[in-house]
Amino acid sequence: CTDFNLMTQGEIGGKITALIIEKNQFANYQVKDDCDWLFMYIFSGKAGMSLGSKKKILNKGDLLVVKKANKTNLKIMGFEACVLVFSEITT
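Residues numbered from 1 in each chain as written. Predicted model: local features only at pLDDT ≥ 70, side-chain atom pairs only at ≥ 80, totals over all residues. Heavy atoms only, no water.

Engineer: So what's going on with the sheet that holds strand β8 (residues 82–90)? Which residues, and what values?
Structural biologist: Here four strands make up an open sheet; going across it, the order is β1-β8-β3-β6 and the pairing antiparallel. Bordering the open sheet on either side are β1 (13–21) and β6 (63–67), each of which pairs with just one other strand. When strand polarity is set aside, the average angle formed by the axes of neighbouring strands in this sheet is 15°. Here five bridges tie strand β3 (residues 37–44) to β6, and the two strands are oriented antiparallel to one another. Bridge pairing in β6 places leucine 38 opposite valine 66. (Pairing = 2+ DSSP bridges. Helix = DSSP H or I, 4+ residues; strand = E, 2+ residues; numbered from the N terminus. Axes fitted to C-alpha atoms, helices over the stretch in contact; angles between N-to-C directions.)

As structure tokens, then:
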């Protein structure tokens with residue numbers, strides 16, 4: 001069992017979104033303008049991600065953290081069918 005929660009306090013806000021990508025499928029994930037932190041958790045599968053010139057391959061259980069993520073556009077490819085969980089934090 002994997003338990004993924006988002007808890008905030010005070011003026012800090014957050015949003016959780018899930019995205020399912022099939023094998024060999026591409027997707028774009030546009031981060032909101034007011035997002036300060038982005039967390040992308042690979043719940044299942046394997047995905048490739050590019051953020052500008054940086055590229056990463058992420059496997060089940062990996063967590064990608066992007067600081068100052070506002071207006072970020074992630075390009076994602078499913079190397080396997082995968083489920084991704086995104087958490088956007090605003091301060």
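From this point, the discussion proceeds with the structure in view.
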